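Chain residues, written in single-letter form:
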Amino acid sequence: MGNHRQRRRMPFISAKPPTCGAHHRARVGQAGFTLIEMLVVLVIIGLVMGLVGPRVLNYLSDARTKAARLQIEALSNSLDLFYLDVGRYPTSQEGLGALVRRPAGADTWNGPYVKGGTVPSDPWRNVYVYVAPGAHGAYDLMSYGSDGREGGEGPAADITNWHH
């Protein structure tokens, strides 16, 4: 067995003082936000939403009006294709449904003339109003806007195929 020395390991001792005590408790109390800081942030968020919110809602309203104009234009094109095939526009009684279902007596009907096989509703989920013969042309095609009633201003204004 020779002369082997066994080394004893000393426990690690840190030169830093322990983190318990009054200093540590003071730092724990500063870990969150104060009520005043939270209220200031909420006020700032409220002000930003008050300024930005109406603009976003206005864009949404404008987008629906533009979508209605585009749908009316697409339906007008479909009505023109119907006219080329059948030789007349659908009657008021046949309505826009004649674009997706063959009306009686329309032997040269070559539809459906609307994608998807259904006539779309306007962006406010109301049906488009179709009158033939129309007061403004061979047919009148319109959406009554956001209020769903004839007349109105702004987003509630009627969208028609004769006013662009």
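Residues numbered from 1 in each chain as written. Predicted model: local features only at pLDDT ≥ 70, side-chain atom pairs only at ≥ 80, totals over all residues. Heavy atoms only, no water.

Undergrad: Describe the overall build of the protein chain, and please don't skip the residues or the numbers.
TA: Scanning the protein chain from N- to C-terminus turns up two helices and three strands. Sequence-distant contacts in the protein chain: of pairs separated by 6 or more residues, those separated by 24 or more amount to 39%. Carbon and sulfur atoms make up 59% of the accessible area of the protein chain, which amounts to about 12,800 Å² in all. (Helix = DSSP H or I, 4+ residues; strand = E, 2+ residues; numbered from the N terminus. Contact = heavy atoms within 4.5 Å. Areas by Shrake-Rupley, 256 points an atom, 1.4 Å probe, with all protein chains shown as cover.)

Undergrad: Before we move on, could you go through the sheet that holds strand β1 (residues 129-131) and cite the residues and values that matter?
TA: Read across the sheet, three strands follow the order β1-β2-β3 without closing on themselves; strand pairing throughout is antiparallel. Lying at the two open borders of the sheet, with one neighbouring strand each, are β1 and β3 (159-160). Relative to β3, strand β2 (residues 140-143) is paired through two bridges, and the arrangement is antiparallel. Residue S143 lies in a different strand from β3, and its bridge partner there is I159. (Pairing = 2+ DSSP bridges.)

Undergrad: For the pairing of β2, give the residues involved together with the corresponding values.
TA: On β2, burial covers both faces: D140 and M142 on one face and L141 and S143 on the other are all buried. Alignment of β1 against β2, held across three bridges, turns out to be antiparallel. Paired with V131 across the strands is D140, a residue of β2. (Buried < 20%, exposed > 50% of the residue type's maximum accessible area, 1.4 Å probe, protein only.)

Undergrad: Can you lay out the nonpolar core for me, pointing to particular residues and giving the numbers?
TA: Side chains of a nonpolar character, in soluble globular proteins, are inclined to be buried together. Counting residues in each nonpolar core, the largest one holds 21 residues, and the members touching the most others are L96, L99 and L141. The element that contributes the greatest number of residues to this core is helix α2 (residues 35-86), accounting for six residues. Those residues in contact with L96 that sit more than four places away from it in its chain are L75, L79, V119, Y128, Y130 and L141. (Core = buried A, V, L, I, M, F, W, Y, C linked by side-chain atoms within 4.5 Å.)

Undergrad: Talk me through the pattern of salt bridges; I want residue IDs and the actual numbers.
TA: In total, this model carries one salt bridge according to the counting rule given. The partner of E94 in a salt bridge is R88, with the nearest N and O atoms 2.9 Å apart. (Salt bridge = Lys/Arg side-chain N within 4 Å of Asp/Glu carboxyl O.)

Undergrad: Explain the packing of aromatic side chains residue by residue, including any values.
TA: On inspection of all chains with the given rule, the structure shows five aromatic pairs. Between the aromatic rings of F82 and Y113, the centroid separation amounts to 5.8 Å while the plane-to-plane angle is 70°, which identifies the pairing as edge-to-face. Placement of the pair is F82 in helix α2 and Y113 in the loop between α2 and β1, with a sequence separation of 31 residues. Here F82 matches Y113 in class, with each residue buried. Taking 5.7 Å as the distance between ring centres and 85° as the angle between the ring planes, the aromatic pair formed by W109 and Y113 counts as edge-to-face. Comparing W109 with Y113 shows no difference in burial state: the two are buried. Among the aromatic residues, those joined into a ring-pair cluster are Y83, Y89, Y130 and Y139. (Phe/Tyr/Trp six-rings, centres within 6.5 Å; stacked < 30°, edge-to-face > 60°.)

Undergrad: Got a sec to walk through the environment of V114? Specific residues and values, please.
TA: For V114, the position within the fold is in the loop between α2 and β1. The sequence separation of V114 and L75 amounts to 39 residues, and the corresponding C-alpha distance is 7.6 Å.

Geometry only, nothing functional implied.
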